[in-house]
Amino acid sequence: MYPTSVRPADEMERVMQLYGNILYRLCLVMLGNASDAEEAVQETIIRYFQKAPAFADAEHEKAWLLKVAANKCRDMLRFRSTHPQLDLESLPEIPVEKSESGILEALMTLPEKYKLVLILYYVEEYRVGQIAEIIGRTPSAVKMRLQKGRKLLEETYRKEYL
């Protein structure tokens with residue numbers, strides 16, 4: 001499975017060095033909580049080593065990991081919607097330092113399909129065609145989601161943070 005010159009631990013370190021932060025940011029924005037984001041990244045890395053896919057280049061590897069991570073986040077969100085959870089509003093308020101811009105908070109409130117394309121386009125700097133391949137939609141659908149996502153983000157940000 002692995003060439004004798006590459007140990008699995010070395011490969012895992014390489015994958016985490018290259019893609020760990022990217023995957024974590026994506027999962028954090030999609031799931032809205034750090035522990036779930038960490039779990040999603042771990043599951044993504046486990047899937048990578050279980051499947052041991054061969055990639056043409058680093059961009060294909062990155063796109064595959066992002067797609068698996070996004071799918072894992074969707075699965076976790078689906079699970080949340082069908083299983084009752086503790087209402088965090090009932091817990092005592094913990095003071096949290098607000099960010100200066102509030103953009104991240106506003107982004108986290110958007111529906112998942114808009115969050116994903118906005119993150120891939122603006123944060124990860126993928127082109128529309130590449131995003132279409134990653135999420136399995138047409139380029140025109142990606143453009144529409146970007147347009148609608150920007151509008152929703154602006155409305156949310158203005159309403160909540162200005």
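Procedures and definitions
Residues numbered from 1 in each chain as written. Predicted model: local features only at pLDDT ≥ 70, side-chain atom pairs only at ≥ 80, totals over all residues. Heavy atoms only, no water. Helix = DSSP H or I, 4+ residues; strand = E, 2+ residues; numbered from the N terminus. Expected span 1.5 Å × (residues − 1). Buried < 20%, exposed > 50% of the residue type's maximum accessible area, 1.4 Å probe, protein only. Polar contact = N/O pair within 3.5 Å; in protein donor to acceptor, adjacent residues only side chain to side chain. pLDDT = per-residue confidence, 0-100. Core = buried A, V, L, I, M, F, W, Y, C linked by side-chain atoms within 4.5 Å. Contact = heavy atoms within 4.5 Å. Patch = residues over 30% accessible without salt bridge, like charges linked within 9 Å, V, L, I, M, F, W, Y side chains within 5 Å. Areas by Shrake-Rupley, 256 points an atom, 1.4 Å probe, with all protein chains shown as cover. Salt bridge = Lys/Arg side-chain N within 4 Å of Asp/Glu carboxyl O. Lys, Arg positive; Asp, Glu negative; His and termini not counted. Charge placed at Lys NZ, Arg CZ, Asp CG, Glu CD. Axes fitted to C-alpha atoms, helices over the stretch in contact; angles between N-to-C directions. Parallel < 35°, antiparallel > 145°, perpendicular 65-115°, else oblique. Left-handed = near helix turned anticlockwise from the far one by under 90°. Nonpolar A, V, L, I, M, F, W, Y, C, P; charged D, E, K, R; others polar. Phe/Tyr/Trp six-rings, centres within 6.5 Å; stacked < 30°, edge-to-face > 60°. Arc of directions from axis to C-beta.

**Describing helix 3 (residues 58-82)**
Since the α-helix turns once every 3.6 residues, residues separated by three or four places project in the same direction.
Next, step 1: In this model, helix 3 (25 residues) spans 36 Å end to end at C-alpha, consistent with the 36 Å of a helix rising 1.5 Å per residue.
Next, step 2: Where helix 3 is concerned, the buried positions are Glu61, Lys62, Ala63, Leu65, Leu66, Val68, Ala69, Ala70, Cys73 and Met76.
Next, step 3: Between the side-chain oxygen at the start of helix 3 and the backbone nitrogen of Glu59 there is a gap of 3.1 Å, and the oxygen is on Asp57.

**With respect to the confidence of the model for the protein**
Next, step 1: On average, residues of the protein carry a pLDDT of 82, and 83% of them reach 70 or more.
Next, step 2: Per-element averaging of pLDDT across the protein places helix 4 (residues 103-108) at the bottom with 81 and helix 2 (residues 34-51) at the top with 91.

**A word on the nonpolar core**
Generally speaking, a soluble globular protein has its nonpolar side chains buried in company with each other.
Next, step 1: The biggest cluster of nonpolar side chains holds 42 residues, and the ones touching the most others in it are Leu23, Leu26, Cys27, Leu120, Ile135 and Val142.
Next, step 2: Looking at this core, the elements that each hand over two or more residues are helix 1 (8-31), helix 2, helix 3, helix 4, helix 5 (112-123), helix 6 (128-135) and helix 7 (139-161).
Next, step 3: With nine residues, the top contributor of residues to this core is helix 1.
Next, step 4: Setting aside its immediate chain neighbours within four residues, Val142 contacts Val117, Val128, Ile131, Ala132 and Ile135.

**Topic: a positive patch on the surface**
Next, step 1: Side chains of Lys113, Arg137, Lys148 and Lys151 sit close together on the surface and give a patch of like positive charge.
Next, step 2: Tracing the backbone shows Lys151 in helix 7.
Next, step 3: Owing to a relative accessible area of 51%, Lys151 belongs among the exposed residues under this scheme.

**Observations concerning the packing of helix 3 against helix 5**
Next, step 1: Relative to each other, helix 3 and helix 5 sit at 155°, their axes nearing to 12 Å. Between helix 3 and helix 5, the crossing angle belongs to the class labelled roughly antiparallel. In terms of crossing hand, the pair formed by helix 3 and helix 5 is right-handed. Listed contacts from helix 5 to Leu66, Ala70, Arg74 and Leu77 of helix 3 are Glu112, Leu116 and Leu120.
Next, step 2: Residue composition of the contact of helix 3 with helix 5, grouped by class: five nonpolar, no polar and two charged.

**Focus on the packing of aromatic side chains**
Next, step 1: This model, assessed by the stated rule, comprises five aromatic pairs.
Next, step 2: Relative to Phe49, the ring of Tyr48 lies with its centre 5.1 Å away and its plane at 80°, an arrangement referred to as edge-to-face. In this structure, Tyr48 and Phe49 share a single accessibility class: buried.
Next, step 3: With a centroid separation of 6.2 Å and 10° between ring planes, the pair formed by Tyr48 and Phe55 is classed as stacked.
Next, step 4: The class for Tyr48 is buried, based on a relative accessible area of 6%.

**Focus on helix 6**
Next, step 1: All of the buried residues in helix 6 are Val128, Ile131, Ala132, Ile134 and Ile135. Angularly, the buried residues of helix 6 cover 165° about the axis, an arc narrow enough to put them on a single face.
Next, step 2: Residue Gly136 follows helix 6 closely and has a positive phi angle near 75°.

**Side note on the pattern of salt bridges**
Any two side chains of opposite charge can pair, given that their charged atoms come close.
Next, step 1: Applying the stated criterion across every chain yields a total of seven salt bridges.
Next, step 2: The closest approach of N and O atoms between Glu61 and Arg14, which form a salt bridge, is 2.7 Å. Of this pair, Glu61 sits in helix 3 while Arg14 sits in helix 1; the two residues are 47 residues apart in sequence, bridging distant segments of the chain.
Next, step 3: Residue class for Glu61 comes out buried when judged on its relative accessible area of 5%.
Next, step 4: Across the salt bridge formed by Arg74 and Glu112, the nearest N and O atoms sit 3.1 Å from each other. With Arg74 in helix 3 and Glu112 in helix 5, this pair connects stretches of sequence that are 38 residues apart.
Next, step 5: The exposure class of Arg74 is partly exposed, given its relative accessible area of 25%.

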